[in-house]
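Listed below are the residues making up each chain.
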Amino acid sequence: MSKKIIMLPICYFPRRCLMILQFHGLLILLLFPAKECTMPEASQEGLLHSFKSYSDIAMFHYTVPKEVLRATWQFAAFMDGQDCPERKVHIYLQWGSYPVISVNNDTFPNDMYSKRNHTIMVSAITTFEPKTTAIVPVYGPEAGDWFVGAYLSHWDEKVQQQGLGHKCHYSIGSVAIWTQANSIENIPIGYQHTLRTKETTSYYKIYIPSGTWNFRVDIWGCNFTVYKSHSVHEVCIKNMALQGRSLPVFNHSESNEIRNVTMSGSYTFTESSPYEDSYYYLMIISDSIIEVNIKVVTSECPIRITEKSFVRQYLDAPSFSKALAQLHMKDLTKHHLHRDENKNNESSDSGVDLMKNQFHIPDENFDDPCVPRYQLARIKHSQTFSGVYLLQGREWLTSWVILTDIHPVVTQFNILPLVDIGGTLDISVHLEMDKVATRQLVKVIICIRRGRVPDRIKGNIVCDDPRMLMNLSSFDKHDGSLLIPYPQSDTWYVTLQATCYFNGRPVNCEMEEILVSLDIRTRQCVFPGNYPCGHHGICQEIHRDILYYTTCKCFEGYKGWGCTDATSANPESSLLITTMMLTLSNGFFIPAIYLAVKRGLYTEGLVYLATMLFSSLYHACDQHIMTYCVAKYEVLQYSDFFSSILAFWVTLVAMAEIPIRFVSLCHMFGVLIIAFGVESNKTSLTSILVPLGMGIMIPMGTYTYRCFQLKKWKKPDRISKLLAGLTLAAIGLLLFSLVETEANYQYVHSAWHMIIAISLIFLLPPSRVEQIGSAGSSFSDDSELLDYKDSPGSPIFTVTTGQENLVIASN
């Protein structure tokens with residue numbers, strides 16, 4: 001045996017990666033001998049998020065090789081601060097495709113099959129130090145692609161400005177280790193072979209080629225190689241198991257089926273629906289070295305793609321035609337099934353011979369005759385996860401399948417790994433039936449199965465999973481549909497069988513042909529058309545390295561895989577109210593605009609007007625109901641952020657009441673700084689604090705300079721208005737940065753609009769400061785910052801000295 005480790009290094013918390021690796025390394029050394037494994041250099045790690053949609057899931061990909069006895073996954077969840085609250089992590093492990101995850105019993109759309117074979121679910125708790133891990137052993141894993149999806153339990157996250165305080169981040173690290181069997185002996189097909197065991201548990205493999213309908217493994221003649229007196233009834237093989245695609249593992253703690261063989265006994269494995277183009281693995285358990293005879297017998301059933309015989313010509317019919325009735329396939333097929341009774345009938349020999357050329361007549365020991373099998377052609381469309389599977393003729397492609405009541409028809413198609421698994425597999429069936437054609441009840445059974453042809457009993461289809469079964473009827477139900485999200489990569493089989501009934505009893509069909517439309521296609525998200533997630537969600541495309549998949553992001557309170565679960569949906573009236581609150585709350589800027597224009601502050605009024613309009617348009621475009629976008633969403637978002645910060649800047653410049661020739665300079669300087677910051681990162685705290693910090697220095701610097709010139713510090717007049725405006729602005733900033741969460745966003749953000757707009761009324765100066773000449777001033781010409789207009793309506797800061805009133809504006 002050899003042990004191998006898969007490693008994909010990604011580290012989001014470099015300070016603690018070494019700790020993670022040391023912890024994993026110690027655990028690995030305890031689990032496995034040091035001579036048989038090596039320390040991983042890094043663990044695979046990803047950021048965790050609370051689940052709102054499938055796009056929030058951290059997804060890992062592993063490739064497990066063939067002939068692995070045990071694969072072990074180890075998971076450890078972390079947080080980047082000791083003060084961060086602990087969160088529960090949900091982990092899904094799935095073979096073949098992305099795991100289908102339903103949170104809080106969210107529903108799936110009608111006709112959707114969400115079941116997964118052997119989905120493994122575990123949970124963990126985030127910690128600051130690597131204290132515990134979740135260990136998931138998988139015995140006899142199927143080779144190929146394995147996917148891990150992890151997410152945090154949902155909580156009401158705070159809408160926090162980037163850089164304002166510490167925002168907790170969570171991550172999950174994983175390591176995969178497996179034990180692989182070496183040098184498994186291959187058993188040939190078709191002739192007797194002698195096996196000699198080497199260990200207590202020995203493995204052998206049998207390759208089953210494509211086109212195998214069924215096979216049988218006969219085991220007999222078991223003998224001990226060590227000379228000793230043994231009874232013919234003594235158990236030679238203690239237990240055996242045969243399993244496709246993965247190694248069978250005997251667990252002594254479980255009640256496994258015992259298949260023992262004595263020296264005089266024998267045993268036969270029969271597989272009526274095998275995995276094709278795959279290995280089957282035989283496990284033999286014995287107490288000593290033994291020899292045993294084995295023979296593998298197969299029955300073939302060729303897969304048809306293009307044929308020249310009448311069978312293919314019959315299926316080639318692109319539409320209803322009188323020529324179909326002239327082929328008499330039903331009669332010829334009856335001759336084939338009753339060939340022993342009609343072997344002396346010369347008139348039927350041609351039909352029987354023709355059928356023998358088309359379908360292999362299996363060994364007489366098998367009572368499961370071969371049926372028509374067809375490989376569907378894969379037609380790939382330009383859009384990702386968009387393709388259709390059709391029957392292929394000599395010069396055409398069709399979705400029509402023609403059935404008889406003699407035998408079922410098997411169609412098969414391939415879902416490619418990574419390429420086709422990220423969307424939805426849609427299988428739709430339509431029974432084309434003319435009501436006046438027959439008085440009989442025509443029923444068509446459609447069974448879908450992954451990996452293997454559906455089972456048959458006496459020629460009739462047996463569907464092991466009732467949710468993968470569709471029943472069509474000529475009297476009522478003519479259509480059936482099945483949706484499979486994230487289909488696992490494999491060969492998929494669709495078997496169709498028609499049966500006719502009269503007065504409740506099965507009878508021979510009057511119709512010689514029954515037409516069924518088999519529409520098989522893959523698509524993004526769930527539904528066809530322009531609304532793949534319905535009218536209450538959008539289809540997202542997610543790229544993560546080599547992983548690519550689509551998912552629905554729901555809004556308006558809808559949830560579920562296709563945004564069809566309305567149990568928590570918000571009423572339209574409530575959505576309309578919150579939308580109107582976000583947009584109309586900007587109307588509180590109107591008093592500030594009016595006051596600015598009345599006092600001659602035209603630039604400030606223009607900026608307030610732009611802020612009101614851009615904020616309203618942005619929030620109108622940001623909604624999912626009654627959405628109205630006059631421009632691209634990104635353009636409106638940038639304009640909203642830019643104009644909002646610029647409104648603060650021009651207000652601070654106006655409060656300073658600096659000379660006119662410096663006003664335009666300050667405005668342009670602010671525009672350049674704000675434009676650069678917002679373009680760099682709209683949600684960063686730096687893009688707000690840097691312009692505000694520099695803007696506050698303008699009135700504060702002006703006030704300090706004027707007091708320095710007066711050689712005296714004076715308390716400014718209108719201090720009450722200044723304090724009122726600053727208090728409102730501070731309250732608005734606290735609401736915006738500390739109180740706003742995802743649940744209360746509409747209400748708190750609307751309040752933020754109103755409070756900030758009202759604060760401008762108190763912060764605006766009463767009139768525009770006009771620069772006057774220095775004549776008559778007690779200061780020299782180079783003291784231009786002291787120029788003011790002496791008016792009865794004094795500005796916010798007024799310093800009185802002797803015969804003059806000096807105006808000093810500040811925050």
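Residues numbered from 1 in each chain as written. Predicted model: local features only at pLDDT ≥ 70, side-chain atom pairs only at ≥ 80, totals over all residues. Heavy atoms only, no water.

Topic: the sheet that holds strand β12 (residues 201-208)
Hydrogen bonds between backbone groups are what pair the strands of a sheet, and the pairing can be parallel or antiparallel. Ordered in space as β10-β12-β18-β15, the four strands form an open sheet in which the pairing is mixed. Each having just a single partner strand, β10 (185-186) and β15 (239-244) make up the two edges of the open sheet. When β10 meets β12, the two strands line up parallel, connected through two bridges. If you follow N186 over to β12, its bridge partner there is K205. (Pairing = 2+ DSSP bridges. Helix = DSSP H or I, 4+ residues; strand = E, 2+ residues; numbered from the N terminus.)

Examining the packing of aromatic side chains
By the definition in use, this model includes 23 aromatic pairs. Ring geometry for W649 against F669: centres 6.3 Å apart, planes inclined by 45°, an arrangement best described as tilted. With a gap of 20 residues between them, W649 in helix α9 (residues 633-656) and F669 in helix α10 (residues 660-680) connect regions that are remote in the sequence. A cation over an aromatic ring shows up here: R456 above the ring of W213, its NZ or CZ 4.1 Å from the ring centre. (Phe/Tyr/Trp six-rings, centres within 6.5 Å; stacked < 30°, edge-to-face > 60°. Lys NZ or Arg CZ within 6 Å of the ring centre and 35° of its normal.)

Some details on the pattern of salt bridges
Counted by the stated rule, this structure contains 16 salt bridges. The salt bridge partner of R245 is D490, with a shortest N-O separation of 2.6 Å. In this pair, R245 is assigned in the loop between β15 and β16 (261-262) and D490 in strand β32 (residues 490-502), connecting sequence segments 245 residues apart. Summarising the burial analysis for this pair, R245 and D490 share the class buried. Taken together, the shared-partner salt bridges connect E142, R245, R450 and D490 into one network. (Salt bridge = Lys/Arg side-chain N within 4 Å of Asp/Glu carboxyl O. Buried < 20%, exposed > 50% of the residue type's maximum accessible area, 1.4 Å probe, protein only.)

A few points about unusual backbone geometry
For R245, which is not glycine, the phi dihedral falls at a positive 75°. With relative accessibility at 18%, the residue R245 sits in the buried group. If you check the backbone angles, Y486 has positive phi at about 45° while not being a glycine. Along the chain, the position of Y486 falls in the loop between β31 (479-485) and β32.

Details of the sheet that holds strand β3 (residues 58-64)
The four strands lie next to each other as β3-β8-β5-β6, forming an open sheet whose pairing is antiparallel. Each edge of the open sheet carries a strand with a single partner, namely β3 and β6 (120-125). Adjacent strand axes in the sheet meet at a mean angle of 20°, parallel and antiparallel pairs treated alike. (Axes fitted to C-alpha atoms, helices over the stretch in contact; angles between N-to-C directions.)

Focus: the nonpolar core
Grouped together as the largest cluster of nonpolar side chains are 59 residues, with contacts concentrated most on F413, V444 and I514. Per-element tally for this core: the top contributor is β32, with five residues. Apart from the residues lying within four places of it in its own chain, the contact partners of V444 are L403, L431, M470, N471, L472, Q497, A498, I514 and V516. Grouped together as the second largest cluster of nonpolar side chains are 29 residues, A77, C84, L93 and A150 included. (Core = buried A, V, L, I, M, F, W, Y, C linked by side-chain atoms within 4.5 Å. Contact = heavy atoms within 4.5 Å.)

A short note on the packing of α9 against helix α13 (residues 745-763)
In contact at an axis separation of 11 Å, α9 and α13 are set at 15° when each is read in the N-to-C sense. On the basis of their axis angle, the class for α9 and α13 is roughly parallel. The chirality of how α9 crosses α13 is left-handed. Between α9 and α13, the residues in contact are F648, T651 and M655 and W752, I756, L760 and L763, respectively. (Parallel < 35°, antiparallel > 145°, perpendicular 65-115°, else oblique. Left-handed = near helix turned anticlockwise from the far one by under 90°.)

Some points on the side chain of Q637
Checked against the element boundaries, Q637 lands in helix α9. On the accessibility criterion, Q637 (17% relative accessible area) is buried. Ignoring anything within four residues of it in the chain, the contact list for Q637 reads Y618 and K682.

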